[in-house]
Amino acid sequence: FVGTTTYAVEGFTTYGVAFGGSYGYEFADSLLWTVGGTFSSTDGTGTVTDSGGNPQLVALQASSAAFQTGLMAFFNRSEGSVFVPFVGAGLSLLNYDFQFPGTTMGTTSGTAPGAYTQAGVEIRLTRSFTLIPQFGIQVHTLHTESGASTGLLSGGLVVTLRISS
């Protein structure tokens, strides 16, 4: 997939692009083991107040790479089914590099463990075309520039069109 992404920290916002993919191996009826990854990179500008009380324009940047693995269960997968809902959950690892000067996040980078969940539905439009809207959420624990821990909650909607012969 390819899409857009946004990071928002204390009123500062960066915008950019995200891309990634996933693969699932069906090891039991309607139960898949999945692996996937996502990369995102954003930038922007913000105004902070320097030590003299003067406004200063600063560059903001956020990039991350996430790897996740877990289980996904499908329901109603019989041969004539038009709607096939699914849910999944698992573990995630996030490599991050954030530059938000003037915020409690500050300039920091590292690797953060976390978890994810997702839900969606396969809509079989024809024998060859399947529309797959899904929503996913990830949560990770990051360390700020000062060393404090903070949570990062990310998520979004992905819509896929699968074309098969």
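Residues numbered from 1 in each chain as written. Predicted model: local features only at pLDDT ≥ 70, side-chain atom pairs only at ≥ 80, totals over all residues. Heavy atoms only, no water.

## Quick notes on the sheet that holds strand 4 (residues 55-74)
Now for step 1: Judged by pairing direction, the sheet is antiparallel, and its eight strands sit side by side in the order 1-2-3-4-5-6-7-8 without closing on themselves. Sheet topology places strand 1 (2-9) and strand 8 (149-163) at the edges, where each strand pairs with a single neighbour. In this sheet, neighbouring strand axes are inclined to one another by 20° on average, regardless of whether the strands run parallel or antiparallel.
Now for step 2: In this sheet, strand 8 lies alongside strand 7 (residues 129-143) in antiparallel orientation, the contact comprising 15 bridges. Each bridged residue has a counterpart across the sheet, and for Gly-136 the counterpart in strand 8 is Gly-156. (Pairing = 2+ DSSP bridges. Helix = DSSP H or I, 4+ residues; strand = E, 2+ residues; numbered from the N terminus. Axes fitted to C-alpha atoms, helices over the stretch in contact; angles between N-to-C directions.)

## Details of the nonpolar core
Now for step 1: Judged by nonpolar contacts, the single largest core of 16 residues is most densely connected at Leu-94, Tyr-96, Phe-98, Phe-100, Met-105 and Leu-142.
Now for step 2: Among the secondary structure elements, those contributing two or more residues to this core are strand 1, strand 4 and strand 5 (83-100).
Now for step 3: Filtering out sequence-adjacent residues up to four positions away, Met-105 remains in contact with Val-9, Glu-10, Phe-98, Phe-100, Leu-142, Thr-144, Glu-145 and Thr-150.
Now for step 4: Core analysis: the next-biggest nonpolar cluster, separate from the first, contains six residues, Leu-32, Phe-74, Val-84 and Ile-132 among them. (Core = buried A, V, L, I, M, F, W, Y, C linked by side-chain atoms within 4.5 Å. Buried < 20%, exposed > 50% of the residue type's maximum accessible area, 1.4 Å probe, protein only. Contact = heavy atoms within 4.5 Å.)

## So, the pairing of strand 3 (residues 31-49)
Now for step 1: Strand direction decides the pairing type here: strand 2 (residues 12-28) and strand 3, joined by 13 bridges, are antiparallel. For Ala-18, the partnering residue across the bridge sits in strand 3 and is Ser-40.
Now for step 2: In sequence, strand 2 turns back onto strand 3 through a hairpin of two residues, with Ser-30 there showing a positive phi of about 65°.
Now for step 3: Following strand 3, the chain reverses through five residues before pairing antiparallel with strand 4; Gly-53 in that reversal takes a positive phi of roughly 85°.

## Observations concerning the packing of aromatic side chains
The geometry of an aromatic ring pair comes down to the distance between the two centres and the angle between the two planes.
Now for step 1: This structure, assessed with the given rule, holds five aromatic pairs.
Now for step 2: For the ring pair Phe-98 and Phe-100, a centre distance of 6.3 Å and an interplane angle of 75° mean the geometry is edge-to-face. You'll find Phe-98 and Phe-100 in the same group, each marked buried.
Now for step 3: Clustering of aromatic rings is evident, with ring pairs tying together Tyr-7, Tyr-96, Phe-98 and Phe-100.
Now for step 4: Over the ring of Phe-74 we find Arg-77, and its NZ or CZ is 4.9 Å from the ring centre. (Phe/Tyr/Trp six-rings, centres within 6.5 Å; stacked < 30°, edge-to-face > 60°. Lys NZ or Arg CZ within 6 Å of the ring centre and 35° of its normal.)

## Digging into a nonpolar patch on the surface
Now for step 1: On the surface, Phe-135, Ile-137, Val-139, Leu-153, Leu-157 and Val-159 cluster together into a nonpolar patch covering about 590 Å² of accessible area.
Now for step 2: Those elements that place two or more of their residues in the nonpolar patch are strand 7 and strand 8.
Now for step 3: Within the secondary structure layout, Ile-137 lies in strand 7. (Patch = residues over 30% accessible without salt bridge, like charges linked within 9 Å, V, L, I, M, F, W, Y side chains within 5 Å. Areas by Shrake-Rupley, 256 points an atom, 1.4 Å probe, with all protein chains shown as cover. Salt bridge = Lys/Arg side-chain N within 4 Å of Asp/Glu carboxyl O.)

## Section: the environment of Pro-85
Now for step 1: Tracing the backbone shows Pro-85 in strand 5.
Now for step 2: The exposure class assigned to Pro-85 is partly exposed, which follows from its relative accessible area of 33%.
Now for step 3: Taking the C-alpha atoms as reference, Pro-85 lies 8.6 Å from Ile-123; in sequence the two are 38 residues apart.

## Considering the confidence of the model for the chain
Now for step 1: Confidence in the prediction of the chain, expressed as mean pLDDT, is 93, and 100% of residues score 70 or more.
Now for step 2: Mean pLDDT per element in the chain: strand 1 is the minimum at 86, and strand 5 is the maximum at 97. (pLDDT = per-residue confidence, 0-100.)

## Side note on the pattern of salt bridges
Now for step 1: In this structure the tally under the stated criterion is two salt bridges.
Now for step 2: Across the pair Glu-26 and Arg-77 runs a salt bridge whose closest N-O atoms are separated by 3.1 Å. One end of the pair, Glu-26, is in strand 2; the other, Arg-77, is in the loop between strand 4 and strand 5, and 51 residues separate them in sequence.
Now for step 3: A relative accessible area of 36% means that Glu-26 is categorised as partly exposed.
Now for step 4: A salt bridge links Arg-162 to Glu-122; its shortest N-O distance comes to 3.2 Å. Taken together, the residues span a long stretch of sequence, with Arg-162 in strand 8 and Glu-122 in strand 6 (residues 106-124) at a distance of 40 residues.

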